[in-house]
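Residues per chain are reported as follows:
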Amino acid sequence: MKIARMSPVEMNLEARFDAYVAEEKKIEPKDWMPDAYRKTLIRQISQHAHSEIVGMLPEGNWISRAPSLKRKAILLAKVQDEAGHGLYLYSAAETLGVTRDQMLQDLHKGKAKYSSIFNYPTLTWADMGAVGWLVDGAAIMNQVPLCKCSYGPYARAMVRVCKEESFHQRQGFQVMLNLAQGTPDQKAMAQDALNRWWWPSLMMFGPSDADSPHSAQSMKWNIKRFSNDELRQRFVDMTVPQAELLGLTLPDPDLKWNEERGHYDFGAIAWDEFYNVIKGNGPCNKERLGARVKAYDDGAWVRDAANAYATKEAARQKNGNTSTHAA
């Protein structure tokens, strides 16, 4: 296999790039960047965008079944927020030279990934609480450091995303609290949702550091600020007291406080399950991807109409400008 070698000029540019990033400065779309940096960002940002869009599906499933009009309105607003997050992130990725159509085609063909957590079913209303509390809580733990990402458009998009995700997490916790303080059946429903979502939430941080192929370089470039295992530990430490406040039990018999480490120890994660879901064999992989492809195909007429209008409007403005100059 032929290995591409950098020219002296490219080596000098990369050294200057590394020094610039090390000084906590932002890279903007028109700045020079290594191809590997660009490709890493496209992979990460597009995967993040896909996760926001696919993540609408498990919760959208409950909009028509929410227990009250108030809950319905809140859930509808939340799902709408997730759509907005996806649009911010697709726009950020486009600044790197990739088109939105290409990103979506990669998703629909299974070439691009999205967060494994969204391949699990939402079986009861309590799942809306667990998803908000745990899944959005894990997302915040992952995403707040991205507000200081070295790539400017990504960092700026994350500022607004994190503010809205923080609201979503609090709303999910409130759902769990109401259920936990309700009837015995409601509390049991909340506990069941926690049992099912706890371990997939820990998997959201990605594989352990020893098995994460991208983490070291992403941290060197200040794309990622903390390792997968560091963020996972922070999430566990944050969530344990919240579960105690709810009066619910985290489904991990090995969970205990380690005085020497100053952190909670927790049980082994079932990585075989994680990789199986990543490969497309989770409970809802085919359903989620099928729903996205169908939505894209069903929306073709909207895109065609918008493009036709844009073409017509551009022609109208061009003719108007021509007439003005002629006059």
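Scroll up to find the structure this text is about.
Residues numbered from 1 in each chain as written. Predicted model: local features only at pLDDT ≥ 70, side-chain atom pairs only at ≥ 80, totals over all residues. Heavy atoms only, no water.

J.: Any chance you could explain the layout of surface pockets here in plain terms?
T.: Regions of empty space are outlined by a rolling probe, equal in size to a water molecule, passed over the atoms. Considered as a void within the structure, the second largest pocket measures approximately 300 Å³ in volume. Around the second largest pocket, the lining comprises 13 residues; the ones closest to its centre are Ile53, Leu87, Tyr90, Leu104 and Arg292. Among the elements of the structure, helix 4 (69–94), helix 5 (100–108) and helix 12 (285–298) are those that each provide at least two residues to the lining of the second largest pocket. Its residues assigned to classes, the lining of the second largest pocket shows 8 nonpolar, 1 polar and 4 charged. (1 Å grid on protein atoms, 1.4 Å probe; cavity = no way out; pocket = protein on both sides within 12 Å on 5 of 7 lines; lining within 4 Å. Points joined across faces, edges and corners; volume = space filled by probe spheres on them. Helix = DSSP H or I, 4+ residues; strand = E, 2+ residues; numbered from the N terminus. Nonpolar A, V, L, I, M, F, W, Y, C, P; charged D, E, K, R; others polar.)

J.: Can you help me understand unusual backbone geometry in this one?
T.: For Glu24, which is not glycine, the phi dihedral falls at a positive 65°. Note that Glu24 resides in the loop between helix 1 (8–22) and helix 2 (35–54). Classification of Glu24 as partly exposed rests on a relative accessible area of 45%. A positive phi is found at Asn222, a non-glycine position, where the angle reads about 60°. With respect to the helices, strands and loops of the structure, Asn222 is situated in the loop between helix 9 (215–220) and helix 10 (228–246). For Asn222, a relative accessible area of 12% gives the class buried. (Buried < 20%, exposed > 50% of the residue type's maximum accessible area, 1.4 Å probe, protein only.)

J.: Would you take a moment to explain the packing of aromatic side chains for this structure?
T.: Two measures describe an aromatic ring pair: the distance that separates the ring centres and the angle between the ring planes. Within the structure shown, the criterion is met by 11 aromatic pairs. Arranged with centres 6.0 Å apart and planes meeting at 70°, the rings of Trp133 and Phe173 form a pair that is edge-to-face. Residue Trp133 is found in helix 6 (residues 126–143), and its partner Phe173 is found in helix 7 (residues 152–180); the two are separated by 40 residues along the sequence. For the pair shown, Trp133 and Phe173 are each scored as buried. Ring geometry for Trp257 against Tyr264: centres 4.9 Å apart, planes inclined by 75°, an arrangement best described as edge-to-face. On the accessibility criterion, Trp257 (41% relative accessible area) is partly exposed. Classification of Tyr264 as buried rests on a relative accessible area of 16%. Among the aromatic side chains, those forming a connected cluster through ring pairs are Phe17, Trp32, Tyr37 and Trp221. (Phe/Tyr/Trp six-rings, centres within 6.5 Å; stacked < 30°, edge-to-face > 60°.)

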